[in-house]
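So the chains spell out like this:
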Amino acid sequence: MNTIAQHWINGEWTGSGSVLESINPADGTVVGSFYEGGEAEASAAVDAAAAAFETTAWARTPSLRATALSRLADALEARVPEVAAMLSREIGKLLGETMWEVSGAVGWLRYAAATARTQNAGRATETGPGQYTHSVPEPLGVAGIISPWNSPVMLTVRALGPALAAGCTAVVKLPAQTALTNELFAQVLASVPEIPAGVVSVFTESGNTGAPFLVSSDKVAVINYTGSTPVGRRIAAAASTTLKRLGLELGGKAPMVILPDADLDMVIPTVVQSLVLMNGQFCCTGSRVLVHRDIADQVRTRLTSALAEVRLGSGDDEKAQLGPVIDRASAERVDAIVEEAASYGTVLLRGGVVTDGPLAAGAFYRPSLIEVDRTDVPIVQEEVFGPVQTFEIFDDEDDAVAKANATIYGLAASVFSADSMKARRIARRIRTGTVWINTWGAISEDFEEGGVKGSGYGYLCGPRAIEEFQALKVYVEQDHTQSAH
């Protein structure tokens, strides 16, 4: 790596101005330094992407794009351990989780490579005597991709893969929390000669000037943003001036609906895993546990006990189940939410910031479980982004559905029951983009991901992902030598 992590813009490493530090949230130590990016980097990257779109063969050559994406997958696969280890150090995720993330991104790139060759055809027909009409999907142009720190490699690739497959050029804005990982990912991109200079640029920003530039620039045709709902709303408003295409995957409050006949030996570990994965900092975190009254006492006891036994540790601790949140300020923010919830709910398990022992230097937060009997309270309505669950009781299917749908969010949910038809019946009525039945967190590059309501719109992964970066052009040709009769 460069001594100070740099940006990759128009085929060159660049960096100047402010130098900031990347901090390991597990112990507060400095992982490395990086150059701060902003509007200047965003502007240079957009200009390069716009020029590459117009002057290179990228947008017009599906075979080139497929080859480049395949080579990119190979290059990333060769560096999975290195990228995963750095990511674990920078954001505190367990190494097993970061290995899964980076390895999974390889598969998503291979899927995108396939779509570059198979999803670029339109339709053709004779719509009248001598009139021939055909349609062709064309790349929109420059894509701006704004990725979050909680899963930056996979969530970047999830958008970058289909954008490149479609023939777009791209500018990727990555977060400061993962600055050194960002440079490693840019190195992977830079190692693929089939990607012309300017087709992909990557810059890191801790502030808030580069990303807004991408959203407002009339040279950027499409924005993909993954992050919070409030920021998503601001992006949608700002993008309205240019009427650019948007793909927004935003926040979530995933309900975990547990019916009386559910297998609790499977359910309890799954619910715990839904909370601790990514250290509770995941848009699909199982933050709401909805339990039928008949089994409420049993689930309450077992879940409280299981969460109390969760082992905390740094990313390289093979026995750890839960790492730190992203920084100490976030740990204290989560604790304030739990403290407020105690005023209107029943505290079943009071976790908290770790302030003593070997983990005290980090940003560790022990899981909390709060029982509430109302859905209009903040801890139900607002995304916590930390290892905190609510415990809510329902009486019948209608009550379960009403409670599950009681927030603005609609990203994901789970239903647990031995009766698959009953589970599917309930799942059908829950307004989310994904519903898992007798599982949680299962994702695949073969099927779409996306939300409804306050969780955003647009799809990534699956065959529809490439369409988020394409426009359909219709050509009509008339042969005037043919009779109109």
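Rules used throughout
Once a new chain begins, its residue numbering starts again from 1 and follows that chain's sequence as written. Owing to the predicted nature of the model, reporting of local features is limited to residues with pLDDT of at least 70; listing and counting of side-chain atom pairs is limited to 80 or more, with chain, interface and lining totals taken over all residues. Here the side-chain values reflect all heavy atoms present in the structure, with hydrogen atoms and water set aside. Burial classes: relative accessible area under 20% of the type maximum marks a residue as buried, over 50% as exposed, and values in between as partly exposed (1.4 Å probe, protein chains only). By definition, any uninterrupted DSSP run of H or I lasting at least four residues is a helix, any uninterrupted run of E lasting at least two residues is a strand, and each is numbered from the N terminus. Residues belong to one nonpolar core when they are buried, are Ala, Val, Leu, Ile, Met, Phe, Trp, Tyr or Cys, and are joined through side-chain atoms within 4.5 Å. Contacts: residue pairs with any heavy atoms within 4.5 Å of one another. Lines fitted to C-alpha atoms define the axes here, with helix axes fitted over just the stretch in contact, and angles between the N-to-C directions of these axes take values from 0 to 180 degrees. Roughly parallel means an angle under 35 degrees; roughly antiparallel, over 145; roughly perpendicular, 65 to 115; everything else is oblique. For this classification, Asp, Glu, Lys and Arg are treated as charged, while Ala, Val, Leu, Ile, Met, Phe, Trp, Tyr, Cys and Pro are nonpolar and the rest, including Gly, are polar. By the convention used here, strands pair only if DSSP detects at least 2 bridges between them. UniProt positions are given in the numbering used here, feature names are shortened, and annotations may be inferred rather than shown by experiment. By convention the crossing between two helices is left-handed if the near helix lies anticlockwise of the far one by an angle smaller than a right angle, and right-handed if it lies clockwise.

Tell me what's going on with unusual backbone geometry, and back it up with residues and numbers.
Comment: phi is negative for the bulk of residues other than glycine, and the bulk of peptide bonds are trans. Positive phi, normally seen in glycine, also occurs at F385, with a value near 60°. The partly exposed category is assigned to F385, whose relative accessible area is 25%. Its identity is not glycine, yet N438 carries a phi of approximately 60°, on the positive side. Along the chain, N438 falls in the loop between β21 (434-437) and β22 (456-457).

Account for the nonpolar core, with residues named and values stated.
Buried together is how nonpolar side chains tend to be arranged in soluble globular proteins. Grouped together as the largest cluster of nonpolar side chains are 62 residues, with contacts concentrated most on L76, L160, L189, V200 and F469. Looking at this core, the element that brings in the most residues is helix α5 (residues 152-166), giving nine residues. V200 has contacts with W8, L160, L164, A170, V172, L189 and I195, leaving out every residue within four places of it along the chain. In this structure, M278, V310, L322 and F416 belong to the second largest nonpolar core, which totals 37 residues.

So what's going on with the packing of helix α4 (residues 95-118) against α5? Which residues, and what values?
Where α4 meets α5, the closest approach of the two axes is 9 Å, and the angle between their N-to-C directions is 5°. One way to sum up the angle between α4 and α5 is to call them roughly parallel. Residues W100, E101, V102, G104, A105, W108, L109, A112, T115 and A116 of α4 form the contact with α5, whose participating residues are P152, V153, M154, V157, R158, G161, P162 and A165. Of the residues assigned to the contact of α4 with α5, the class counts are 13 nonpolar, three polar and two charged.

Now, about the sheet that holds strand β19 (residues 388-394): what can you tell me, with residues and values included?
Ordered in space as β15-β18-β19-β14-β13-β20-β21, the seven strands form an open sheet in which the pairing is mixed. Two strands lie at the open edges of the sheet, namely β15 (346-349) and β21, each paired on one side alone. Adjacent strand axes in the sheet meet at a mean angle of 25° when their direction is disregarded. The sheet contact formed by strand β14 (residues 288-292) and β19 spans five bridges and is parallel. Looking at β19, one finds that V289 is bridged to F391.

Now, about the UniProt feature "active site" (unreviewed entry) in the chain: what can you tell me, with residues and values included?
Listed under "active site" (unreviewed entry) in the UniProt record, and renumbered for this structure, are E249. Along the chain, E249 falls in strand β12 (residues 245-249). The exposure class of E249 is buried, given its relative accessible area of 9%. Here E249 is in contact with R158, Y225, T226, G227, C283, L411, E449, G450 and S455, once residues within four sequence places are set aside.

Describe the packing of α5 against helix α6 (residues 179-190), naming the residues involved and giving the relevant values.
Axis separation between α5 and α6 bottoms out at 11 Å; the angle between their running directions is 40°. Overall, the two elements α5 and α6 adopt an arrangement that is oblique. Judged by the twist between their axes, the crossing of α5 over α6 is right-handed. Here α5 contributes V153, T156, V157 and L160 to the contact with α6, which in turn contributes T181, F185 and L189. For the contact of α5 with α6, a count of residues per class yields five nonpolar, two polar and no charged.

Kindly report on the UniProt feature "domain: Aldehyde dehydrogenase" (unreviewed entry) in the chain, identifying the contributing residues and their values.
Following the UniProt record, one finds the feature "domain: Aldehyde dehydrogenase" (unreviewed entry) at residues 18-473. From the first C-alpha to the last, residues 18-473 spans 45 Å; its make-up is 39% helix and 21% strand.

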